Amino acid sequence: MTISGWGRFPKIKASIFSPHNESKCRDYLKEVEECIAQGLGRSYGDSALNSNVLCSRRLNLILDFNDKEGIISCESGVSLAELIETFLPRGWFLKVTPGTRFVTVGGAIASDVHGKNHHKDGSFSESVISFRLMLPDGEIILCSRSQNQELFYATCGGMGLTGIILSATIQLEKVQSAYIKQTTIRAANLNEIFDLFEEHKTTKYSVAWIDCLARAKDRGRSLLMLGEHDVDEDFSFSSSKKLSIPFDFPSITLNRYTVELFNRLYYNKAKNSVTENKSSLLSFFYPLDAIGNWNKIYGSRGFIQYQFVLPRESSLEGLQKILTKVSTSGMASFLAVLKLFGKENNNLISFPLEGYTLALDMKIQPGIWELLNHLDKIVLDYNGRLYLAKDARMKADTFQRGYPKWEQFRQLRDKLGLSEKINSLQSKRIGL
Amino acid sequence: MKLLVLGANSDIGSAIAGAFAKFEQADLILASRDMESLEKKAKDIEIRHSVKTKIIQFDATNFSTHQDFYNNLSPKPDGVVVAFGYLGDQKNAEQSFDDAKKTLDTNFTGAMSILEIIAQDFETRNKGFIIGLSSVAGERGRQSNYIYGAAKGAFTIYLSGLRNRLHKNDVRVITVLPGFVQTKMTAALDLPEKLVATPEEVADDVYSAFKKKKDIVYSKWFWRWIMLIIKAIPEIIFKKLNL
Ligand SMILES: Cc1cc2nc3c(=O)[nH]c(=O)nc-3n(C[C@H](O)[C@H](O)[C@H](O)COP(=O)(O)OP(=O)(O)OC[C@H]3O[C@@H](n4cnc5c(N)ncnc54)[C@H](O)[C@@H]3O)c2cc1C
Ligand SMILES: NC(=O)c1ccc[n+]([C@@H]2O[C@H](COP(=O)([O-])OP(=O)(O)OC[C@H]3O[C@@H](n4cnc5c(N)ncnc54)[C@H](OP(=O)(O)O)[C@@H]3O)[C@@H](O)[C@H]2O)c1
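A brief structural summary. Per-chain numbering applies: the sequence of each chain, read as written, is numbered from 1 onward. By the order in which they are written, chains take letters starting at A while ligands take numbers starting at 1. Local features in a predicted model are, by the rule used here, given only for residues with pLDDT of at least 70; side-chain atom pairs are given and counted only at 80 or more, and totals for whole chains, interfaces and linings are based on all residues. Here the side-chain values reflect all heavy atoms present in the structure, with hydrogen atoms and water set aside.

### Points about the overall build of chain B
Secondary structure is summarised from DSSP: a helix means a run of H or I of at least four residues, a strand means a run of E of at least two, and numbering begins at the N terminus for each. In terms of regular secondary structure, chain B is built from 9 helices and 9 strands. Here the globule rule is a power law, 2.2 Å times the number of residues to the power 0.38, and the radius of gyration is based on C-alpha atoms. Relative to a compact globule of 243 residues, whose C-alpha radius of gyration would be 18 Å, chain B shows 17 Å and is just as compact. Seen along its three principal axes, the alpha-carbon backbone of chain B occupies a region of about 55 × 35 × 35 Å. When accessible area is computed with a 1.4 Å probe and restricted to protein chains, residues below 20% of their type maximum are described as buried, those above 50% as exposed, and intermediate ones as partly exposed. By residue count, 50% of the 243 residues in chain B fall in the buried class. Here a residue-residue contact requires only that any non-hydrogen atoms of the pair lie within 4.5 Å. When contacts within chain B are restricted to residue pairs at least 6 apart in sequence, long-range pairs at least 24 apart make up 73% of them. For chain B, the exposed area adds up to about 11700 Å²; of that, 54% sits on carbon and sulfur atoms. We get accessible surface area from the Shrake-Rupley algorithm with a probe of 1.4 Å; when it comes to residues, only the shown protein chains can shield them.

### A short note on the packing of helix α1 (residues 11-24) of chain B against helix α7 (residues 199-211) of chain B
Residue and element names in this part refer to chain B. Two numbers describe how α1 lies on α7: the axes approach to 8 Å, and their chain directions differ by 50°. Of the possible angle classes, the one that applies to α1 and α7 is oblique. The two elements α1 and α7 cross, and the hand of that crossing is right-handed. Residue-level contacts link Asp 11, Ile 12, Ala 15, Ile 16, Ala 19, Phe 20, Phe 23 and Glu 24 of α1 to Pro 199, Glu 200, Val 202, Ala 203, Asp 204, Val 206, Tyr 207, Phe 210 and Lys 211 of α7. Simply put, an axis is a line fit to the C-alpha atoms, just over the touching stretch for a helix, and the angle between two N-to-C directions goes from 0 to 180 degrees. Working rule for angles: under 35 degrees goes down as roughly parallel, over 145 as roughly antiparallel, 65 to 115 as roughly perpendicular, anything else as oblique. In this scheme, a crossing is called left-handed if the near helix is turned counterclockwise away from the far one by less than a right angle; it is called right-handed if the turn is clockwise.

### Quick notes on unusual backbone geometry
Working note: non-glycine residues mostly have negative phi, and peptide bonds are mostly trans. Backbone torsion omega between Phe9(A) and Pro10(A) reads -5°, so that peptide bond is classified as cis. Its location among the elements puts Pro10(A) in the loop between β1 (2-4) and β2 (11-13). Of note in the backbone geometry, Asp112(A) takes a positive phi value of approximately 40° without being a glycine. Summarising the element assignment, Asp112(A) is placed in the loop between α3 (105-110) and α4 (118-121). Overall, Asp112(A) belongs to the buried group, its relative accessible area being 0%. Its identity is not glycine, yet Gln25(B) carries a phi of approximately 50°, on the positive side. Following the sequence through the fold, Gln25(B) ends up in the loop between α1 and β2 (27-32). Overall, Gln25(B) belongs to the partly exposed group, its relative accessible area being 46%.

### Quick look at the interface of chain B and chain A
Taken residue by residue, the interface counts 16 residues in chain B and 17 residues in chain A. When two parts are brought into contact, each loses some accessible area as probed by a 1.4 Å sphere; the total of that loss over both is the buried area. Interface area for chain B against chain A, summed over the two sides, is near 1500 Å², with a carbon-plus-sulfur share of 49%. Per-residue buried area on chain B facing chain A is highest for Lys40(B), Ile47(B) and Arg48(B); these three make up 39% of the total on that side. Salt bridge, as applied in this entry: a Lys or Arg side-chain nitrogen positioned within 4 Å of an Asp or Glu carboxyl oxygen. Linking chain B with chain A are 4 salt bridges, by the criterion used here. Notably, a salt bridge pairs Arg58(A) with Glu200(B), separated by 3.4 Å at the nearest N-O pair. Residues adjacent in sequence count toward polar contacts only when both atoms are side-chain atoms; beyond that, a polar contact is any pair of N or O atoms within 3.5 Å, and within protein one must be able to donate a hydrogen and the other to accept it. Between chain B and chain A we count 8 residue pairs in polar contact (both at pLDDT 80 or more) in total.

### Looking at the site of ligand 1
Residues and elements named next belong to chain A. Residue proximity to a molecule or strand is established when one non-hydrogen atom of the residue lies within 4 Å of it. Taken together, 33 residues lie near ligand 1, and Ala 37, Gly 39, Arg 42, Ser 43 and Tyr 387 sit nearest. His 114 places a polar main-chain atom, nitrogen or oxygen, 2.8 Å from a nitrogen atom of ligand 1. Protein contact buries 96% of the 960 Å² of open area that ligand 1 shows by itself. Partitioning the shell around ligand 1 into residue classes produces 16 nonpolar, 15 polar and 2 charged. The residue makeup of the shell around ligand 1 includes at least three contributed by each of domain 1 (62-175) and domain 2 (179-395). For this scheme, ten residues count as nonpolar: Ala, Val, Leu, Ile, Met, Phe, Trp, Tyr, Cys and Pro. Four count as charged, namely Asp, Glu, Lys and Arg, and the remainder, Gly too, count as polar. Domains are outlined according to an automatic or database domain assignment.

### Observations concerning helix α9 (residues 312-329) of chain A
All names here are of chain A. Expected helix span is given by 1.5 Å per residue-to-residue step, counting one fewer step than there are residues. In this model α9 runs 26 Å from its N-terminal to its C-terminal C-alpha over 18 residues, within 8% of the 26 Å that 1.5 Å per residue would give. The largest bend in α9 comes to about 30°, at Gly 318. Ser 314, Ser 315, Gly 318, Leu 319, Ile 322, Leu 323, Val 326 and Ser 327 are the residues of α9 that are buried. Positioned one or two residues after α9, Gly 330 has a phi angle of 75°, which is positive. The quantity called bend is, for any residue, the angle between two axes fitted respectively to the seven residues ending at it and the seven beginning at it.

### Some details on the side chain of Asp11(B)
Looking at where Asp11(B) falls in the secondary structure, it is placed in helix α1. For Asp11(B), a relative accessible area of 8% puts it in the buried group. A polar contact is formed between the side chain of Asp11(B) and the backbone nitrogen of Lys184(B), at a distance of 2.9 Å. Among all residues touching Asp11(B), those that are not within four sequence positions of it are Arg58(A), Lys41(B), Thr183(B), Lys184(B) and Pro199(B).

### Some thoughts on the environment of Ile147(B)
All names here are of chain B. Along the chain, Ile 147 turns up in helix α6 (residues 146-166). Ile 147 gets classed as buried once you look at its relative accessible area, which sits at 12%. If we ignore the near neighbours within four places in the chain, the residues touching Ile 147 are Gln 90, Ala 93, Glu 94, Ala 100, Thr 103 and Leu 104.

### Regarding the side chain of His66(B)
Positionally, His66(B) belongs in helix α3 (residues 66-71). With near-sequence residues (within four places) excluded, His66(B) lies in contact with Phe58(B), Asp59(B), Ala60(B), Gly110(B), Ser113(B), Ile114(B) and Ile117(B).

### Details of the site of ligand 2
Residues and elements named next belong to chain B. Lining the immediate environment of ligand 2, one finds 28 residues, of which Ser 32, Ala 60, Tyr 148, Lys 152 and Thr 183 sit closest. Between Ala 60 and ligand 2, the recorded distance is 2.8 Å, taken from a backbone N or O atom to a nitrogen atom. In this structure, an oxygen atom belonging to ligand 2 sits 3.5 Å away from a main-chain N or O atom of Ala 83. Contact with the protein chains hides 93% of the accessible area of ligand 2, taken as 890 Å² for the molecule alone. Only α1, α6 and β7 (180-181) provide two or more residues apiece to the shell around ligand 2. The class makeup of the residues in the shell around ligand 2 is 11 nonpolar, 11 polar and 6 charged.

### Some details on a nonpolar patch on the surface
All names here are of chain B. Taken together, Trp 221, Trp 225, Leu 228 and Ile 229 make up a surface patch of nonpolar side chains, about 500 Å² in accessible area. Note that Trp 225 resides in helix α8 (residues 223-232). For Trp 225, a relative accessible area of 45% gives the class partly exposed. Only residues whose relative accessible area exceeds 30% and that form no salt bridge are eligible for patches; like-charged ones are grouped when within 9 Å, while nonpolar side chains (Val, Leu, Ile, Met, Phe, Trp, Tyr) are grouped when within 5 Å.

Pasting the structure below:
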């Protein structure tokens, strides 16, 4: 069948196998020439694509729960949505969550996903105590910070290229409510939003929505959204039925003017410069999950989500340049999200490093590849890197310059026979 | 509520168990052959839904053990789900009588054997419900799977008779007719993506049929219309089709 990542580009023909236990995984690995693991396919580009895909969705048992310590073990195909549904009513939430809950535990580890609290709590691997990994020969290895360390640090953020994550043990975080106290602050430009991020460094959650089309003195105008867990012991929450987009929007609906209008409306929503409200965990963390397959609004040709990070000291200058380039290109971006990351961790090829990250969506249109190549150059000039979980097009050179430990990662793959058996379209493209 | 799930290792069966645990807080008796896998499934459901579970060995084709199996259950369940099944391979079943017999024994004879015992109990107690997982494959014989289809067809007819018999006793019998479902039974088949349901979707359909007091439920719903068309094709044409 034809498959793609969340960005619906590229699309390829592939056969998918969903083993329901470990011995079926082993048989499959013996049988296929090469393959890549896939969870819920929420990575945007080609990290989970190959002509043979091993899908983890039927490996979906919760294996153990320690309700005193908040430690769970589960198979890798269990989704974060299932964990929230099961454990939030009992007062436990994820230490780190991405902007959608429809990702698997395996996918969250493999992309070492980050959330709105990266500046305080780091990325998903911070909550991972251990996991079991299957290598191409079928051997199962228990990896943690004290056992098989090298594979632990390679697998967290390793984009599925170190083997199949079978199950994991994860630390949850105690919360006193299923609600978030949210504060929204308006920023007139890039300088202001940077100051606000710094000022609110001790706030648990922070993220900004930034208007990519604003120019000149308005460049970088944005809304900063801050959040802290409420403590009201209210655990009533409903994961209401999703809306969904039944067909591909004609891509014309997303031309520059409609996006500009949307941006303006959004910006004006915060009438006063600071607004406060109580918002459910689900709507605070996962606003887009309320609209099922929103990725269809970009039309059938698909879109690219371009996410990069720049080191803190060069962030302001680099972002000015990139925003200028984006706004003059007219390739309107519907959503752009800005966030301050905390310290880099020890994983070999995890994305986050201390500095500012920006994620913007662009539908596939004439001129987009030239624009993105140009942006790549700016990112590299400022010592930044691109996020593999979003990528569908970067060149090997761009990757290798952004991720200095890539060679160590590649050597480990060669040593364990992974480079022959476990590959994605992405890993081939970027020379991993 | 206490629910007995026979063939509880089946992906659809354990999803149905999960739905009753979630919505009815049902305590579960999970019965199947592979105890190691059953233990994991039971734990998963206990953690997710905070219900009690018990696991018991059960082999549908070991007919002579069925009476003891049911006698030993205490207390008796309020409802039972028959979820075990064996698809096999049509070509193989054509050539091997043993395999064809296994298909019949599992999907029909085994189900009938245990359900007769349970039906007697429900009949005397004037309560209970029975959910049987049959298949749309039992609605019309096709060259690609008529041996399995014959077993499921027999099971569908059996359930309809049982429903008729137990109606006066207030015992409900629900026939479930799934189309294509993404489970370990079909993992090796290349199924048309748009028509495939997940076990959880089938479980939701079964649970809502239970709540709405339906007798027969297709899952997903569109199979009702697909089968209506397939059944309407005159045999003179049907026999020439490559189905
Ligand atoms: C709306 C939306 C918002 C998002 N927000 C964020 C965000 O805020 N922060 C962030 O970091 N990311 C974010 N993402 C990206 C997403 O979190 C990651 O792409 C995540 O990895 C997707 O998980 P998945 O289960 O869908 O995995 P897939 O997309 O199927 O796979 C992703 C990678 O994980 C590997 N993988 C999956 N399962 C296994 C396994 N069992 N064993 C080994 N490797 C495996 C695959 O090979 C692939 O390389 C967002 C995505 C969407 C659609
Ligand atoms: N999947 C589909 O597309 C589909 C479509 C229509 C109808 N159905 C029917 O729906 C039901 C469930 O299907 P499924 O896809 O969920 O099945 P599944 O995941 O393949 O599981 C079938 C289960 O049946 C059990 N079983 C087989 N023989 C048994 C025996 N002799 N005694 C006890 N248990 C036995 C096995 O249990 P152990 O693991 O313990 O051995 C196995 O786990 C079946 O009746 C099937 O025919 C399925």
